[in-house]
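# Notes for the structure review
Residue-level listing of the chains:
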Amino acid sequence: MLLEKEIQQKNFKSPQQKLAINLLYTTNWLNYQYHQHFKNHKITVQQFNVLRILRGQYPDYCSLKVIKERMLDRMSDASRIVDKLVEKKYIIRHQCPSDRRSVNLMISDKGLAILKELDVIDESTKDMFKHLSTKEVDKLNQLLDALRG
């Protein structure tokens, strides 16, 4: 659906302003779609992101620094997210023996299990983009990469 209809605004100051608003609106739309999957599992999009990062490192440990570098939402408080995931027993935290200030993190079996349940999201993501051809998806990916420089 056209952005103009979605937000009931006919005119924009410039095509760039419309693009920025369109990207923000679409990001919120995507977040809502993902949130629908997570609400029954009582995890957030950011927690899901951390669990996927740790699954990618599994069976090796991962530092908090690596998680912060790889997170999709750079404004998230990674330490707080990790604490919540440890409380839920989705992550195992070990003190680094060589550096007491550093913490090693690993996804637990329970964390792997919840990710396995949530793997349906990958199929749902395809449905979110069903109105675009593969060629259009590739082009949009190229454009977004170019936008970020």
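These figures come from a predicted structure and were not determined experimentally. The written sequence of each chain sets the order in which its residues are numbered from 1. Totals for whole chains, interfaces and linings use all residues, but because this is a predicted model, local features are given only for residues with pLDDT of at least 70 and pairs of side-chain atoms are given and counted only at 80 or more. With hydrogens and water set aside, each side-chain value is computed from the structure's full complement of heavy atoms.

### Re the sheet that holds strand β1 (residues 62–63)
- Pairing between two strands is assigned when DSSP locates at least 2 bridges connecting them. Helical segments are the DSSP runs of H or I of at least four residues, strand segments are the runs of E of at least two, and each set is numbered from the N terminus. The sheet built from 3 strands is open, its strands ordered β1-β3-β2 with antiparallel pairing. The sheet terminates laterally at β1 and β2 (91–95), the two strands that pair on one side only.
- Summarising the sheet, β2 and strand β3 (residues 103–107) pair through 5 bridges and their orientation is antiparallel. Residue pairing for β3: His94 is matched across the bridge by Asn104.

### Some points on helix α5 (residues 78–87)
- Within α5, the full set of buried residues consists of Ala78, Ile81, Val82 and Leu85. Take α5 and look down its axis: the buried residues cluster within an arc of 100 degrees, on one side only.
- In this structure, the buried side of α5 is in contact with α3 (45–57), α4 (64–70), β2 and β3.
- Remark: Lys89 follows α5 within two positions and exhibits a positive phi of approximately 65 degrees. Relative accessibility under 20% of the residue-type maximum defines a buried residue, over 50% an exposed one, and the middle range a partly exposed one, all with a 1.4 Å probe and only protein chains included. What the arc describes is the spread of directions from the helix axis to the C-beta atoms. What makes two residues a contact is simply this: any of their non-hydrogen atoms within 4.5 Å.

### Details of the packing of aromatic side chains
- Aromatic rings from Phe, Tyr and Trp, with only the six-membered ring used for Trp, were paired whenever their centres fell within 6.5 Å, and each pair was classed as stacked if the ring planes differed by under 30 degrees, edge-to-face if by over 60, and tilted otherwise. According to the stated counting rule, one finds 2 aromatic pairs in the structure shown.
- Between the aromatic rings of Tyr34 and Phe38, the centroid separation amounts to 6.4 Å while the plane-to-plane angle is 15 degrees, which identifies the pairing as stacked. Here Phe38 and Tyr34 lie together in helix α2 (residues 15–38), a separation of 4 residues that amounts to about one turn.
- Residue Tyr34 is classed as partly exposed on the basis of its relative accessible area, which comes to 21%.
- Using a relative accessible area of 1% as the deciding quantity, one classes Phe38 as buried.

### Comments concerning the environment of Leu19
- Relative to the helices and strands, Leu19 is located in helix α2.
- Taking relative accessible area as the criterion, Leu19 reaches 44% and is therefore assigned partly exposed.
- For Leu19 and Ile92, which are 73 residues apart along the polypeptide, the C-alpha to C-alpha distance reads 42 Å.

### Structural notes on the pairing of β3
- Of all 5 residues in β3, 4 are buried, a share of seventy percent or more.
- In this structure, β1 lies alongside β3, joined through 2 bridges in antiparallel fashion. The residue bridging Ser63 from the neighbouring strand is Asn104, located in β3.

### So, α3
- With 13 residues, α3 extends 19 Å between its outermost C-alpha atoms, agreeing within 8% with the 18 Å of an ideal straight helix rising 1.5 Å per residue.
- Burial in α3 covers these residues: Gln47, Phe48, Asn49, Val50, Leu51, Ile53 and Leu54. What a helix should span is 1.5 Å times the count of its residues minus one.

### Quick word on unusual backbone geometry
- Of note, the bond from Tyr58 into Pro59 is cis; its omega dihedral lies within 30 degrees of zero at 10 degrees.
- With respect to the helices and strands, Pro59 occurs in the loop between α3 and β1.
- One non-glycine residue, Gln8, lies in the positive phi region at around 55 degrees.
- With respect to the secondary-structure elements, Gln8 resides in the loop between α1 (3–7) and α2.
- What makes Gln8 exposed here is its relative accessible area of 74%.
- Even without a glycine there, the phi angle at Lys89 is positive, about 65 degrees.

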